[in-house]
Amino acid sequence: GWILAGKRGIGKASFALAAARELVAEPGIPQPPGNHPDIIVVTNQAGIPLGYFTQDQMSAFNLELRVAVERSGGRIDAFYFCPHLEAKHLPAGVTPHQCVKPSPGMLLEAARDYALELSKCFAVGDKTSDIAAGAAVGCTTVLVRTGKGGREEDALPVEPTYEVDHLWEAALLIRSNLKDACHGE
């Protein structure tokens, strides 16, 4: 199973669409029977408590994204989101909620729900908080250099396992490493 971390906003939709399309089985690329990667989007959504959009609007966007991905032959198995403020929006000394990346709370929740062995999963994102969350639970991490690309104002000192220029490259990288399932079998 795979964890795609860090989908944020409309601008990411085309990248998520391309990545999901790349993870669909193609002729000539064998995949073990019944063993397909789980594609799970894990995202901070501080825009909800900041009043930029509502949870209903975010859910509608996620549905649109899922439908677009399915129309292109891909799929997204689940969305996990954290509707709490990130550390940069909190007063000094206040600890962010456990689901806010870089904490791995949402990754752990997805692992429980999908029986994932996180040490065999990929965490993909364009912020160092995505990479830190994945690294904290032993995922192979992939930093995508689009958007923030690890250069955000509050970047964390963490090194990804891999760096790629586009999300579709991360999908191809994951596909090329499709040796083990995340499910502890």
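Thresholds applied
- Residues numbered from 1 in each chain as written.
- Predicted model: local features only at pLDDT ≥ 70, side-chain atom pairs only at ≥ 80, totals over all residues.
- Heavy atoms only, no water.
- Helix = DSSP H or I, 4+ residues; strand = E, 2+ residues; numbered from the N terminus.
- Buried < 20%, exposed > 50% of the residue type's maximum accessible area, 1.4 Å probe, protein only.
- Contact = heavy atoms within 4.5 Å.
- Areas by Shrake-Rupley, 256 points an atom, 1.4 Å probe, with all protein chains shown as cover.
- pLDDT = per-residue confidence, 0-100.

## A word on the overall build of the protein chain
1) Next: When you go through the protein chain residue by residue, the secondary structure sums to 5 helices and 6 strands.
2) Next: Listing every helix and strand of the protein chain by position from the N terminus yields β-α-β-α-β-α-β-α-β-β-α.
3) Next: Across the 185 residues of the protein chain, 44% fall into the buried class.
4) Next: Taking as baseline every contact in the protein chain between residues at least 6 positions apart, the subset at least 24 positions apart corresponds to 67%.
5) Next: With an accessible surface of roughly 9,200 Å², the protein chain has 54% of that area assigned to carbon and sulfur atoms.

## Focus: the environment of Phe53
1) Next: Counting through the fold element by element, Phe53 comes out in the loop between β2 (39-44) and α2 (55-71).
2) Next: Apart from residues lying up to four places away in sequence, Phe53 is in contact with Gln45, Gly47, Ile48 and Met58.

## Some details on the confidence of the model for the protein chain
1) Next: Chain-level pLDDT for the protein chain is 77 on average; 74% of the residues reach the 70-or-more range.
2) Next: By mean pLDDT, the top-scoring element of the protein chain is strand β6 (residues 162-164) (93), and the lowest-scoring one is strand β1 (residues 2-5) (46).
3) Next: In the model, residues 1-17 has pLDDT below 50 throughout and makes 75 contacts with residues more than four positions away in sequence or in other chains.
4) Next: Predicted confidence for residues 180-185 stays below pLDDT 50, and this span has 18 contacts to residues more than four positions away or in other chains.

## As for the environment of Ile131
1) Next: Mapping Ile131 onto the fold places it in helix α4 (residues 128-136).
2) Next: Ile131 gets classed as buried once you look at its relative accessible area, which sits at 1%.
3) Next: For the pair Ile131 and Lys101, spaced 30 residues apart in sequence, the C-alpha to C-alpha distance is 9.1 Å.
4) Next: The contact partners of Ile131, leaving out residues within four places of it in the chain, are Ala123, Gly125, Thr141, Val142, Leu143, Val158, Glu159 and Pro160.

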